[in-house]
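# Reading the structure
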Amino acid sequence: MKRFLIFLSVFLGLTATALRAEPTFIPAPPEIAAKSYILMDAKTGDIIVQHNADEKLPPASLTKLMTAYVTEYELARGDISLDDKVRISEKAWRMGGSRTFLREGSVVPLRTLIQGMIVQSGNDATVAIAEHVAGSESAFVDLMNQHAKLLGMKDSHFSDATGYPIPDHYSSAHDIAIVARAIINDYPQNYHFYKEKYFTYNGIRQPNRNRLLWRDPSVDGLKTGHTEAAGYCLAASALRNGTRLISVVMGTKTDEARATQSQKLLDYGFRYYQTRKLYSKGQVIANATVWGGAKNSVKVGFTDDVLVTLPRQDAESIPAKLQLKPVIEAPIKVGDVLGKIIVGTDGNTILERNVVALEPVKQGGFFKRMFDKIKLFFMNLF
């Protein structure tokens, strides 16, 4: 059978004659005073700016984002609950560094421990969470590394749950952005913890160390980190006009620097880029010819919303081409891949996405199938 693709022009709500040819002017990204950094669109995963983003570096308390992700996964499975009562071990109580000031032997709700970990960066709360989820911190670390692999975090290896300095414990700005994106998109029900400015436990009120929560009302997370080896780090996220961005800076020199450098990245991204929904889940973009079916056509579309990160000037001027299989034969099930759509221009493909059947099509009767095969033969498609 000959195999070739049928090309159909589709212009995201425009006609070919309406396509603008105006140039896009975007300045170079700002200079960022950090060892490593990245700016990512939280919805699409597209990277807007990066520098040494895959370099393996000590992540300090940015590690707690991985701990939080594993905890959220277990909560979603129903294996644990925010209302669980957790007994605080001696190990958790003895943790140094940032603390929630838990008492050994006390019983604390898991919800409180999560707030202590996220808002106060409490190492004691973090170890207590790890022990509750997996029985021991070392067993929990195994889960962290398994989840990191599944998330595609290629430059990370965790040796503890807190980010406390320890050999063979590293991550990258890119990997931290990946887990931050997973937290935001997969477990939005508890994301509100990350924007809490203060948390009080045991009579001690501590502020969130993320200065951007006070300076920029669009910022609602995520986590700071600091050790002598790691420098000052910050994973931040902000939402403006339907676009959510994630910035990660690692290895800045001061607490103030991690905030100002993160703000530079976020402001640049929001000024010049936006998230654009090109197509909606279930939207019919074509009716494809079906051969040998009880119906002569099938509705074609997408299983999920199709999103892309675009320069703002390009928001209304991106062409797309729909490439369907030359012969689509029944039977067809919902979700069967029938082709793909390519968004962009020649030499500058922005994304490719499979298009699928949005409805089933049963086989036609014997004579319908035979008649269609004869037509295909004379059309030289077999």
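Worth saying up front: this structure is predicted, and the values here are computed from it rather than measured.

### A closer look at the overall build of the chain
Per the secondary structure count, the chain includes nine helices and 17 strands. Judged by the C-alpha coordinates and their principal axes, the chain covers about 80 × 50 × 35 Å. Taking all 382 residues of the chain together, 52% fall into the buried category. Sequence-distant contacts, at least 24 apart, represent 66% of the contacts inside the chain between residues at least 6 apart. Total accessible area on the chain is roughly 17800 Å²; 52% of this is exposed by carbon and sulfur atoms. Separation of charge centres in the chain, based on 47 positive and 39 negative side chains, amounts to 6 Å.

### Some details on the pairing of strand 14 (residues 306-311)
For strand 14, the tally of buried residues reaches five of six residues, placing the bulk of the element in the interior. Of the strand pairs in this sheet, strand 11 (residues 273-279) and strand 14 are connected by six bridges, and their pairing is antiparallel. When the sheet's bridge partners are listed, Y273 is paired in strand 14 with P311.

### Brief notes about the environment of N208
With respect to the element layout, N208 can be found in the loop between strand 7 (204-207) and helix 7 (212-215). Accessibility expressed as a relative area gives 6% for N208, which makes it buried. Setting aside residues up to four positions removed in sequence, N208 forms contacts with I118, V119, Y194, E196, K197, L213 and W214. One polar contact links the side chain of N208 to the main-chain carbonyl oxygen of E196, over a distance of 3.1 Å.

### Quick look at the pairing of strand 8 (residues 219-227)
Of all nine residues that make up strand 8, eight are buried, and the element is covered over most of its length. Two elements, strand 8 and strand 9 (residues 231-240), share eight bridges in a ladder whose sense is antiparallel. Directly across from G225, in strand 9, lies its bridge partner C233.

### Quick notes on a nonpolar patch on the surface
Residues F366, F367 and M370 make up a contiguous nonpolar surface patch of about 380 Å² in total accessible area. Turning to its location among the elements, F367 is positioned in helix 9 (residues 366-378).

### As for the pattern of salt bridges
Here the structure, examined in full by the defined rule, presents 16 salt bridges. Close ionic contact of R211 with D255 constitutes a salt bridge, the shortest N to O distance being 3.1 Å. Remark: D255 occurs in helix 8 (residues 255-272) and R211 occurs in the loop between strand 7 and helix 7; sequence separation between them is 44 residues. When its relative accessible area of 22% is taken as the criterion, D255 is described as partly exposed. Through salt bridges with shared partners, a single ionic network connects R211, R215, D255, E256 and R258.

### Concerning the side chain of S156
With respect to the helices, strands and loops of the structure, S156 is situated in the loop between helix 5 (137-151) and helix 6 (173-186). Side-chain polar atoms of S156 contact the side chain of D175, separated by 2.7 Å. Discounting residues that sit within four places of it in the chain, S156 has contacts with Y170, S171, S172 and D175.

### A short note on the confidence of the model for the chain
Mean pLDDT over the chain works out to 90, with 92% of the residues at or above the 70 mark. Under a pLDDT of 50 for its full length, residues 1-21 has, in the predicted model, 47 contacts with residues more than four places off or in other chains.

### As for helix 5
Look at helix 5: 21 Å from first C-alpha to last across 15 residues, which is about the 21 Å you get at 1.5 Å a residue. What helix 5 keeps buried is the set E137, F140, V141, M144, H147 and A148. Buried residues of helix 5, seen end-on, are gathered within an arc of 125 degrees and therefore sit on one face of the element. For helix 5, exposure combined with an orientation more than 90 degrees from the buried face picks out S138, K149 and L150.

### A few points about the packing of aromatic side chains
With the rule as written, the count across this model stands at six aromatic pairs. For the ring pair Y268 and Y272, a centre distance of 5.4 Å and an interplane angle of 50 degrees mean the geometry is tilted. Of the two residues, Y268 and Y272 are both situated in helix 8; the distance of four residues between them amounts to about one turn of the helix. Here a set of aromatic residues connected by ring pairs shows up, and it is made of Y268, Y272 and Y273. Over the ring of Y198 we find R205, and its NZ or CZ is 3.7 Å from the ring centre.

Conventions and cut-offs
Residues numbered from 1 in each chain as written. Predicted model: local features only at pLDDT ≥ 70, side-chain atom pairs only at ≥ 80, totals over all residues. Heavy atoms only, no water. Helix = DSSP H or I, 4+ residues; strand = E, 2+ residues; numbered from the N terminus. Buried < 20%, exposed > 50% of the residue type's maximum accessible area, 1.4 Å probe, protein only. Contact = heavy atoms within 4.5 Å. Areas by Shrake-Rupley, 256 points an atom, 1.4 Å probe, with all protein chains shown as cover. Lys, Arg positive; Asp, Glu negative; His and termini not counted. Charge placed at Lys NZ, Arg CZ, Asp CG, Glu CD. Pairing = 2+ DSSP bridges. Polar contact = N/O pair within 3.5 Å; in protein donor to acceptor, adjacent residues only side chain to side chain. Patch = residues over 30% accessible without salt bridge, like charges linked within 9 Å, V, L, I, M, F, W, Y side chains within 5 Å. Salt bridge = Lys/Arg side-chain N within 4 Å of Asp/Glu carboxyl O. pLDDT = per-residue confidence, 0-100. Expected span 1.5 Å × (residues − 1). Arc of directions from axis to C-beta. Phe/Tyr/Trp six-rings, centres within 6.5 Å; stacked < 30°, edge-to-face > 60°. Lys NZ or Arg CZ within 6 Å of the ring centre and 35° of its normal.

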